[in-house]
Amino acid sequence: MDLLRWRRDVRRFRTDPVDEAVLSRCLDTFSLAPPSVGLSEPWRLIRVDSATARKAALENFRAENTRALDGYDGEKARIYSTLKLSGMQEAPVQLAVFCDEETAKGGAGLGAATMPETRRYSVVGAITQFWLAARAEGLGVGWVSILDPPDRLTRDLDVPTGWQLVAYLCVGWPETTSDTPELIKVGWEDRHATLPIQTR
Ligand SMILES: Cc1cc2nc3c(=O)[nH]c(=O)nc-3n(C[C@H](O)[C@H](O)[C@H](O)COP(=O)(O)O)c2cc1C
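The structure reproduced in this document is the subject of the present report.

What counts, and where the lines are drawn
- Residue positions are given per chain, counted from 1 along the sequence in the order it is written.
- The model is predicted, so local features are restricted to residues of pLDDT at least 70 and side-chain atom pairs to those at 80 or more, both for listing and for counting; the totals for chains, interfaces and linings are taken over all residues.
- To get the side-chain values, all heavy atoms of the structure are used, and hydrogens and water are removed first.
- Comment: axis = line fitted to C-alpha atoms, over the contacting stretch for helices; angle = value between 0 and 180 degrees taken between N-to-C directions.
- Helical segments are the DSSP runs of H or I of at least four residues, strand segments are the runs of E of at least two, and each set is numbered from the N terminus.
- For this classification, under 35 degrees means roughly parallel, over 145 means roughly antiparallel, 65 to 115 means roughly perpendicular, and everything else is oblique.
- If you view the pair so one helix is near and one far, a crossing is left-handed when the near helix is turned anticlockwise from the far one by less than a right angle, and right-handed when it is turned clockwise.
- Contacts: residue pairs with any heavy atoms within 4.5 Å of one another.
- Only Asp, Glu, Lys and Arg are considered charged, only Ala, Val, Leu, Ile, Met, Phe, Trp, Tyr, Cys and Pro nonpolar, and every remaining residue, Gly among them, polar.
- At least two bridges found by DSSP between two strands are what make those strands a pair.
- We call a residue near a molecule or strand whenever a single non-hydrogen atom of that residue lies within 4 Å of it.
- By the criterion applied in these results, polar contacts are pairs of N or O atoms within 3.5 Å in which, for protein atoms, one can donate a hydrogen and the other can accept it, and in which residues neighboring in sequence qualify only through two side-chain atoms.
- Working definition of accessibility: Shrake-Rupley area with a 1.4 Å probe, residue cover restricted to the visible protein chains.
- Ring pairs are drawn from Phe, Tyr and Trp, using the six-membered ring of Trp, whenever the two centres fall within 6.5 Å, and their geometry is named by plane angle: stacked under 30 degrees, edge-to-face over 60, tilted for the rest.
- Partly exposed residues are those whose accessible area sits between 20% and 50% of the maximum for their type, while under 20% is buried and over 50% is exposed, using a 1.4 Å probe and protein chains only.
- Lysine and arginine charges are scored as sitting over a ring when NZ or CZ, respectively, is within 6 Å of the ring centre and within 35 degrees of the ring normal.

## Description of the packing of helix H4 (residues 51-70) against helix H5 (residues 74-82)
Turning to step 1, where the next piece is worked out: Look at H4 against H5: their axes get within 9 Å of each other, and the N-to-C directions meet at 160°. Taken together, H4 and H5 sit at an angle that is classed as roughly antiparallel. When you trace H4 past H5, the crossing you get is left-handed. On the side of H4, the interface is formed by Asn-65, Ala-68 and Leu-69, while H5 contributes Ala-77, Tyr-80 and Ser-81.
Turning to step 2, where the next piece is worked out: Looking at the contact of H4 with H5 residue by residue, the classes come out as 4 nonpolar, 2 polar and no charged.

The following block contains the structure:
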């Protein structure tokens, strides 16, 4: 429970490198235990390392973030403009995580016939495990979705057709740790007071 309590979305990173062995232990979670529909294991990772690829991703984020700000008015616009919504400028490790929608190894379609989106859900489950493993190592992870994935990032990263962007993850040593989500601290949103569960 402590691990869950202290898992946060991190946007402020120290710039010192992450030891490859530590990162590798965290990445092992993708092959160790994640459930996936029909055992399709549809996750595909791109490590975004080159200056060119990072610049393209950062410019993408900045453009979409500006567009997102334009969609708010008043107090929400004021708060949004103060938010730091990615650590893409500092994070030493950056991973673009895709779902291979046309995977040959698709578990022969088991479980995905009526709900093909379950492939993407499988990728999300795997990311969550990676996130917890990273936190257990003291690393921070930040999930960036303020991107224009279909038209831009997939092209800039030159990924095969059929790959859908699920997450852009920033990984590194966090500047600080907290048990409270940043969006609660700044007054953007609160947690549910109770679990939304009904009985039928
Ligand atoms: C699918 C997904 C997309 C997200 N995209 C962003 C993002 O683009 N920028 C950001 O700052 N946080 C992003 N987050 C982080 C959430 O804002 C964060 O998880 C939420 O505020 C709760 O905070 P916590 O993760 O610290 O508990 C994303 C989280 C998820 C699950």
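## Description of the sheet that holds strand E4 (residues 163-172)
Turning to step 1, where the next piece is worked out: Pairing is antiparallel in the open sheet, where 4 strands are placed in the order E1-E2-E4-E3. Each end of this open sheet is capped by a strand with a single partner; those strands are strand E1 (43-47) and strand E3 (140-144). Here the average twist between neighbouring strands, direction ignored, is 30°.
Turning to step 2, where the next piece is worked out: Here E1 runs beside strand E2 (residues 93-100); their pairing, made up of 5 bridges, is antiparallel. Within the sheet, the bridge partner assigned to Leu-45 lies in E2 and is Val-97.
Turning to step 3, where the next piece is worked out: On the sheet, helix H6 (residues 118-136) packs against E1, E2, E3 and E4 and is oriented at approximately 5° with respect to E4.

## Quick word on the site of the ligand
Turning to step 1, where the next piece is worked out: In the vicinity of the ligand, the residues found are Arg-7, Arg-8, Asp-9, Arg-11, Leu-85, Trp-143, Val-144, Ser-145, Ile-146, Pro-181 and Leu-183.
Turning to step 2, where the next piece is worked out: Within the side chain of Arg-7, an N or O atom sits 3.0 Å from an oxygen atom of the ligand.
Turning to step 3, where the next piece is worked out: If the ligand stood free it would expose 620 Å²; the protein chains cover 73% of that surface.
Turning to step 4, where the next piece is worked out: Per-class residue counts for the shell around the ligand are 6 nonpolar, 1 polar and 4 charged.

## Section: the packing of aromatic side chains
Turning to step 1, where the next piece is worked out: Taken as a whole, this structure holds 7 aromatic pairs when the rule is applied.
Turning to step 2, where the next piece is worked out: Plain terms: the ring middles of Phe-98 and Trp-163 are 5.6 Å apart, the flat faces sit at 45° to each other, and that makes the pair tilted. Of the two residues, Phe-98 is situated in strand E2 and Trp-163 in strand E4; the sequence distance between them amounts to 65 residues. In this pair, the class of Phe-98 matches that of Trp-163, namely buried.
Turning to step 3, where the next piece is worked out: Its guanidinium or amino end placed over the ring of Trp-188, Lys-76 lies 4.4 Å from that ring's centre, counting from NZ or CZ.

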